[in-house]
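# Fold and contact review
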Amino acid sequence: MTQWCGGAPWFKAPFMRILRREFAIVTRFDDSVPAAPIAAPSAPCQLYVHVPFCESLCPFCSFQRVRYREDKARVYFEMLRREIRLYRDRGFIFADVYVGGGTPTVSPRELGETLRLIRACWPIRTLSVETNPNHLRPDVLDVLQSAGLDRLSVGVQSFDDALLRAMKRYEPYGCGTQIAARLAAARGRFPTLNVDMIFNFAQQSRESLERDLAIVRDLDVDQVSFYPLMTSASTARPIEKNLGIADPGRAFEYYGRILERLRPAYEPSSAWCFSRAASGPGPRSIDEYVTQQDEYVGVGSGAFSYVGGRMYSTTFSLNRYRERIAAGESGITDCKVLTLKQRMRYDFLVRMFGLSLPYAFIAAKYGRSFWWRMAPELAAMRLIGAIRFDPDAIRLTERGMYCWMVMMSEFFTAVNTFRDELRLRIRTEGRRPAAADLVPAVRGAGAT
Ligand code: SF4
């Protein structure tokens, strides 16, 4: 394993400190401006729909999630549909849709109605939905199948019963054997069945990881995403209490083992997403992160958008979200304008996470200035052997995959910390002056 990465000391503390600081700058909205109008992009973009309800709250999770209540969820889904119609009326065109959470399938009937609305509004190319293993039931799967779902992503995290107990997922979502049986039964119902796994828990032994990898391979699902455990200020203590303190240095060893065990049956489609190697001319699986999408709009409480070089956040308060939608506004309350250099860095980070950055993309979006403005980052990554310059694109090397796995986990840790800050603001949000809102179909350009 050290052959492909040459050891990890070159990728340690000082470099990580710089990364943390840089990512925190991009994700922090403390210099936010009033949410100036989102301009509907000239090209179709991605729609992200956030459903924050979960039947049980996992201690390691930093997402915007609240305990499920049927009455609250019913109202929330109604507001979501209103917000979706708002974007339709304002000229937005969405081609790819990702429904995440939370647990989007907590209310199959409401979810089905929402997906039907989306399909009626736009000619959708790909539709992805997240779920939990206990929802791999015929009634839920039927709703998703009739909505024309392309990709179902199941949050498994591990098949190890001791780890599932430590994560507080054993009771609500089932033991490893039950989860594997449900996945086996769901296989083949959608073009892509993805399994989300986490690695490098403090209590995760090498043997436990090997068992997880063996089960994933035996299940032969279309896609598997292996994320490193990511924290935030608010989850650091619960993770330490329930799961212990992980050794970041071990992530390097475990990541190498994941690559070794999954290939050649699976090919990386991003630094931590692996899709079953295509055996024929058919389409490849849809990736976890749409790294080829420039812009996206998030609807629902706690969703982010990236359009026209601006990052937007919707309110994290469910009450405030309801009030805003009822008043005919979107859920957006904060906006941050990224500098040109920040936009270049963001594209570099996200596109390279998807393994390559085509020169044609750089030329069309930034022209020649990309090369001199990004020269230090490109030189540093080339120097450590993380990237190579192919005739058509910048590509990640084997070593680069590890670098990007670490950098993306740092980026998402910064996003998680930002979510903590936005949750803290809920108490005062109602007293803040209302931010300006979207305006109809102004054309513009501009990414999580
Ligand atoms: S990990 Fe998934 S099920 Fe657990 S609290 Fe987070 S969103 Fe909910």
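Residues numbered from 1 in each chain as written. Predicted model: local features only at pLDDT ≥ 70, side-chain atom pairs only at ≥ 80, totals over all residues. Heavy atoms only, no water.

### Points about the sheet that holds strand 15 (residues 356-358)
The strands that make up a sheet pair up through hydrogen bonds in the backbone, lying either parallel or antiparallel. Read across the open sheet, the three strands follow the order 15-17-16; overall the sheet is antiparallel. Two strands bound the open sheet, and with one partner strand each, they are strand 15 and strand 16 (387-389). Direction aside, the axes of adjacent strands within the sheet are offset by 15° on average. In terms of strand pairing, strand 16 meets strand 17 (residues 393-396) through three bridges, oriented antiparallel. (Pairing = 2+ DSSP bridges. Helix = DSSP H or I, 4+ residues; strand = E, 2+ residues; numbered from the N terminus. Axes fitted to C-alpha atoms, helices over the stretch in contact; angles between N-to-C directions.)

### Thoughts on the packing of aromatic side chains
For any pair of aromatic rings, the description consists of the separation of the ring centres together with the inter-plane angle of the planes. Tallied over the entire structure, the rule returns 24 aromatic pairs. Measuring from centroid to centroid gives 5.4 Å for Tyr76 and Tyr321, while their planes differ by 35°, and the two rings are tilted. Of the two residues, Tyr76 sits in helix 3 (residues 70-89) while Tyr321 sits in helix 12 (residues 318-326), which places them 245 residues apart along the sequence. Here Tyr76 falls in the buried class, since its relative accessible area comes to 3%. Among the aromatic residues, those joined into a ring-pair cluster are Tyr227, Trp272, Tyr306, Tyr346, Phe353, Phe411 and Phe412. Across from the ring centre of Tyr170, 3.9 Å away, lies the NZ or CZ of Arg165, which sits over that ring. Geometry around Phe361 places Arg351 over its ring, the cationic atom sitting 3.9 Å from the centre. (Phe/Tyr/Trp six-rings, centres within 6.5 Å; stacked < 30°, edge-to-face > 60°. Buried < 20%, exposed > 50% of the residue type's maximum accessible area, 1.4 Å probe, protein only. Lys NZ or Arg CZ within 6 Å of the ring centre and 35° of its normal.)

### Quick notes on the site of the ligand
Taken together, Cys54, Ser56, Leu57, Cys58, Phe60, Cys61, Arg65, Gly102, Asn132, Arg169 and Tyr173 make up all the residues around the ligand. Across the shell around the ligand, the residue classes tally to six nonpolar, three polar and two charged. (Near = heavy atom within 4 Å. Nonpolar A, V, L, I, M, F, W, Y, C, P; charged D, E, K, R; others polar.)

### Let's talk about unusual backbone geometry
A cis amide bond, omega 15°, links Gly101 with the succeeding residue Gly102. Tracing the backbone through its elements, the reader meets Gly102 in the loop between strand 4 (94-101) and helix 4 (108-121). With an omega of 10°, the peptide bond between Arg263 and Pro264 qualifies as cis. Structurally, Pro264 can be placed in the loop between helix 11 (248-262) and strand 9 (266-268). Here the phi dihedral of Asn200 falls at roughly 75°; this positive angle occurs in a residue that is not glycine. As for its position among the elements, Asn200 is in the loop between strand 7 (192-199) and helix 9 (206-219).

### Here we look at the pairing of strand 8 (residues 223-228)
Across the six residues that make up strand 8, a large majority, six, are buried. By the alternation rule, side chains of strand 8 split into Gln223, Ser225 and Tyr227 and Val224, Phe226 and Pro228, which are all buried. As paired strands, strand 7 and strand 8 are joined by six bridges and run parallel to one another. Across the sheet, residue Asp196 finds its bridge partner in strand 8, namely Ser225. Read as a crossover between parallel neighbours, the route from strand 7 over helix 9 to strand 8 is right-handed. Here strand 8 runs beside strand 10 (residues 273-276); their pairing, made up of three bridges, is antiparallel. Opposite Gln223, over in strand 10, you have Ser275 as the bridge partner. (Right-handed = clockwise from strand over helix to strand, strands pointing away.)

### Concerning the nonpolar core
Core analysis: the biggest nonpolar cluster contains 127 residues, and Leu183 and Trp404 have the highest contact counts within it. For this core, the element with the highest residue contribution is helix 17 (residues 398-424), accounting for 13 residues. Apart from residues no more than four positions distant in its own chain, Trp404 is found in contact with Ala271, Phe348, Leu349, Met352, Phe353, Met381, Ala386, Ile387 and Leu396. (Core = buried A, V, L, I, M, F, W, Y, C linked by side-chain atoms within 4.5 Å. Contact = heavy atoms within 4.5 Å.)

### Quick word on the pairing of strand 4
Strand 4 sits mainly inside the fold: eight of its eight residues count as buried. Note: strand 1 (residues 45-51) against strand 4, seven bridges, orientation parallel. Paired with His50 across the two strands is Gly100, which belongs to strand 4. Where strand 4 and strand 5 (residues 126-131) come together, four bridges link them in parallel fashion. Along strand 5, the bridge assignment pairs Tyr98 with Ser128. Handedness of the crossover joining strand 4 and strand 5 through helix 4 is recorded here as right-handed.

### Notes on the side chain of Thr105
By the secondary structure assignment, Thr105 is in the loop between strand 4 and helix 4. The buried category is assigned to Thr105, whose relative accessible area is 0%. What Thr105 contacts, discounting residues up to four positions off in sequence, is Leu111, Val129, Glu130, Thr131, Asn132, His135, Val140 and Leu144.

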